[in-house]
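# Summary of structural features
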Amino acid sequence: LAHAVVNTGEKCVLFAPYYFNHMMALQMSAAEIVVGPCKREGAALVPDLEWLEAQCSGETPPVLIVLCTPNNPTGTVYSQPVLEAAREVATRCGAWLAVDNTYEDFT
């Protein structure tokens, strides 16, 4: 996906901790990678969407925002409200939102 939507030097966002293969894909696309913070919600770490909103209102907003749920390596499953809020920020930003939900169908 990164190769299809990211041009050299364009800003992309990951949230720490992140899945190392996502970082590698963005590096291969020669993206400007910005790593955002997560914040605690109970026992879970979730993306800091206020930080993301600030990135989107900056001079060079991201073209791609990457989330991984369940998060690798923490195992946190992002709630539907968190994912919907991330989608809303990405939409306002004009960015692609890539959600890696590889294990969604495992029970």
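Residues numbered from 1 in each chain as written. Predicted model: local features only at pLDDT ≥ 70, side-chain atom pairs only at ≥ 80, totals over all residues. Heavy atoms only, no water.

## A short note on the sheet that holds strand β1 (residues 11-15)
Selection rule: A pair of strands is labelled paired if DSSP reports no fewer than 2 bridges between them. The secondary structure listing takes helices from DSSP runs of H or I that are at least 4 residues long and strands from runs of E that are at least 2 residues long, numbered from the N terminus. To define axes, lines are fitted to C-alpha atoms, for helices over the stretch in contact only, and angles between the resulting N-to-C directions are given on a 0 to 180 degree scale. In this analysis, two residues are considered to be in contact whenever any of their non-hydrogen atoms come within 4.5 Å of each other.
If you trace the four strands from one edge of the open sheet to the other, you get β2-β1-β5-β6, paired in parallel fashion. Every interior strand has two partners, whereas the edge strands, β2 (32-36) and β6 (96-100), have only one. Here the average twist between neighbouring strands, direction ignored, is 20°. Strand direction decides the pairing type here: β1 and β2, joined by five bridges, are parallel. Within β2, the residue paired with phenylalanine 15 across the bridge is glycine 36. Its contacts with the sheet put helix α3 (residues 49-56) on β1, β2 and β5 (64-68), and the angle it makes with β1 is roughly 175°. Against the sheet, helix α4 (residues 80-93) engages β5 and β6, with an angle of about 155° to β6.

## Looking at the packing of α3 against α4
Test applied: Relative orientations are named as follows: roughly parallel for angles under 35 degrees, roughly antiparallel for angles over 145 degrees, roughly perpendicular for angles from 65 to 115 degrees, and oblique for any other angle. Think of it as three bins: nonpolar holds Ala, Val, Leu, Ile, Met, Phe, Trp, Tyr, Cys and Pro, charged holds Asp, Glu, Lys and Arg, and polar takes everything else, Gly as well.
Running from amino to carboxyl end, α3 crosses α4 at an angle of 10°, the nearest separation of the two axes being 9 Å. Here α4 runs roughly parallel to α3, going by the angle between their axes. Within the contact between the two elements, α3 uses Leu49, Leu52, Glu53 and Cys56 and α4 uses Val82, Ala85, Ala86, Val89, Arg92 and Cys93. Looking at the contact of α3 with α4 residue by residue, the classes come out as eight nonpolar, no polar and two charged.

So far we have only geometry, and geometry alone does not tell us how the molecule works.
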